Amino acid sequence: MTDRLPMFPLNAVLFPGVTLPLRVFEDRYRAMVHHLLRQEEEERHFGSVAIREGYEVGETGAQSLYRVGVKLLITEVEQHQDGSFDLEVLAVDRIRMDSLVSSGDFPVADIEDLPEEQVAVPSAVVDAARATFTAYRAALLEFREDPFTGSLPKDPEFLSWTISATTPLPMPDRQALLEAPDAAVRLGMATDLLRAELRAMNVIPSLPATEVARTKWSPN
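What counts, and at which threshold
- Residues numbered from 1 in each chain as written.
- Predicted model: local features only at pLDDT ≥ 70, side-chain atom pairs only at ≥ 80, totals over all residues.
- Heavy atoms only, no water.
- Helix = DSSP H or I, 4+ residues; strand = E, 2+ residues; numbered from the N terminus.
- Buried < 20%, exposed > 50% of the residue type's maximum accessible area, 1.4 Å probe, protein only.
- Contact = heavy atoms within 4.5 Å.
- Areas by Shrake-Rupley, 256 points an atom, 1.4 Å probe, with all protein chains shown as cover.
- Polar contact = N/O pair within 3.5 Å; in protein donor to acceptor, adjacent residues only side chain to side chain.
- Phe/Tyr/Trp six-rings, centres within 6.5 Å; stacked < 30°, edge-to-face > 60°.
- Lys NZ or Arg CZ within 6 Å of the ring centre and 35° of its normal.
- Pairing = 2+ DSSP bridges.
- pLDDT = per-residue confidence, 0-100.
- Patch = residues over 30% accessible without salt bridge, like charges linked within 9 Å, V, L, I, M, F, W, Y side chains within 5 Å.
- Salt bridge = Lys/Arg side-chain N within 4 Å of Asp/Glu carboxyl O.
- Lys, Arg positive; Asp, Glu negative; His and termini not counted.
- Charge placed at Lys NZ, Arg CZ, Asp CG, Glu CD.

- Under an unreviewed UniProt entry, the name given to the protein chain is Lon N-terminal domain-containing protein, and the source organism is Nocardioides luteus.

**Here's the deal with the overall build of the protein chain**
Reasoning step 1: Looking only at helices and strands, the protein chain features five helices and nine strands.
Reasoning step 2: For the protein chain, with 220 residues in total, the buried portion stands at 46%.
Reasoning step 3: Considering only intrachain contacts with a sequence separation of at least 6, the fraction spanning at least 24 residues in the protein chain is 70%.
Reasoning step 4: Counting every atom, the protein chain has about 11300 Å² of accessible surface; 50% of that belongs to carbon and sulfur.

**Quick look at helix α3 (residues 156-166)**
Reasoning step 1: Judged by how many residues are buried, α3 sits mostly within the fold: eight of eleven residues are covered.
Reasoning step 2: Among all positions of α3, only Leu-159, Ser-160, Trp-161, Thr-162, Ile-163, Ser-164, Ala-165 and Thr-166 are buried.
Reasoning step 3: Of the residues flanking the start of α3, the one acting as N-cap is Asp-155, its side-chain oxygen 3.0 Å from the backbone nitrogen of Glu-157.

**Considerations on the environment of His-35**
Reasoning step 1: Secondary-structure assignment places His-35 in helix α1 (residues 27-37).
Reasoning step 2: If near-sequence neighbours (up to four positions away) are discounted, His-35 is found in contact with Pro-6 and Phe-106.

**Thoughts on the packing of aromatic side chains**
Reasoning step 1: Using the criterion set out here, one finds three aromatic pairs in the structure.
Reasoning step 2: Both rings, one in Phe-15 and one in Trp-161, keep their centres 6.1 Å apart while their planes meet at 50°; by these two values the pair is tilted. Placement of the pair is Phe-15 in the loop between β1 (2-6) and β2 (18-24) and Trp-161 in helix α3, with a sequence separation of 146 residues. As far as the burial class goes, Phe-15 and Trp-161 line up, both buried.
Reasoning step 3: For the cation-ring pair, Arg-52 lies above Tyr-66, with the distance from its terminal atom to the ring centre recorded as 4.1 Å.
Reasoning step 4: The side chain of Arg-186 reaches across the aromatic face of Trp-161, ending 3.6 Å from its centre.

**Regarding the environment of Glu-117**
Reasoning step 1: Checked against the element boundaries, Glu-117 lands in the loop between β8 (108-113) and α2 (123-140).
Reasoning step 2: Given a relative accessible area of 47%, Glu-117 falls into the partly exposed group.
Reasoning step 3: A C-alpha to C-alpha distance of 9.8 Å links Glu-117 and Glu-157, two positions 40 residues apart in sequence.
Reasoning step 4: Apart from residues no more than four positions distant in its own chain, Glu-117 is found in contact with Pro-181 and Asp-182.

**A closer look at the pairing of strand β6 (residues 68-79)**
Reasoning step 1: Pairing between strand β3 (residues 45-48) and β6: four bridges, direction antiparallel. Each bridged residue has a counterpart across the sheet, and for Ser-48 the counterpart in β6 is Val-70.
Reasoning step 2: In the sheet, β6 pairs with strand β7 (residues 85-101) via eleven bridges, with the strands oriented antiparallel. By the bridge assignment, Gln-79 is partnered in β7 with Phe-85.

**With respect to the confidence of the model for the protein chain**
Reasoning step 1: When pLDDT is averaged along the protein chain, the result is 87, and 87% of the positions lie at 70 or above.
Reasoning step 2: Low confidence marks residues 209-215, where pLDDT is under 50. Its contacts with residues over four positions away, or in another chain, come to 20 contacts.

**Comments concerning the side chain of Thr-167**
Reasoning step 1: Relative to the assigned elements, Thr-167 resides in the loop between α3 and α4 (171-179).
Reasoning step 2: Non-local contacts of Thr-167, meaning those with residues more than four positions away in its chain, are made with Phe-133, Tyr-136, Arg-174 and Leu-194.

**Brief notes about a negative patch on the surface**
Reasoning step 1: On the surface, Glu-40, Glu-41, Glu-42 and Glu-43 cluster together into a patch of negative charge.
Reasoning step 2: Within the secondary structure, Glu-40 sits in the loop between α1 and β3.

**Some words on the pattern of salt bridges**
If the charged atoms of two oppositely charged side chains come close together, the side chains can form a pair.
Reasoning step 1: In total, this model carries eight salt bridges according to the counting rule given.
Reasoning step 2: Two residues, Asp-98 and Arg-67, come together in a salt bridge whose shortest N-O distance is 3.5 Å. With Asp-98 in strand β7 and Arg-67 in the loop between β5 (62-65) and β6, the pair connects residues that are 31 residues apart, well separated along the chain.
Reasoning step 3: Assessed through its relative accessible area of 44%, Arg-67 is described here as partly exposed.
Reasoning step 4: In this structure, the salt-bridge partner of Glu-116 is Arg-186, at a minimum N-O distance of 2.7 Å.

Here is the structure:
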């Protein structure tokens, strides 16, 4: 089933369960927030896909977008005297963008939900992902703060989203993780990507390309 949602493309790949602060100051996105605030709190949804090429704001803006992204729910909002907003949003579901219309007051898109395929994840896949992510976190502490705090989820689907959301990987890798059809595939991909990062860090100590400090993962 298709639906139409306001859209806010970002220079980041988001995952279900992630909470994110957003500063909204451009006219078209301020208009989007005003529209959403007229809805009931539980209906204040908009969509976001990552920008493959271009920028979040400005006259030219995004030139190329990924099609798979997330549906976001506004959970907190603060309006400032200059008309800008500070939002906190929660990514609740994956979506696929079928078309984008940017000629109105704010961008809107026809989207369809992209639910996770439910599969039995072998325990060996889960154990390998947990062990590799733990080793990666330990190695990363030589260069920066731990990207994740707390205990890792036991549920394979939650674990796959947690590792994907909190690992600072390049955007194409993060997008591939978002688009993975199920938790088993995603955990296997994450394990391979993290092992490659560990090998590279052992040869050339350097930070991965993507900074994800703005986001945090929540099981809500």
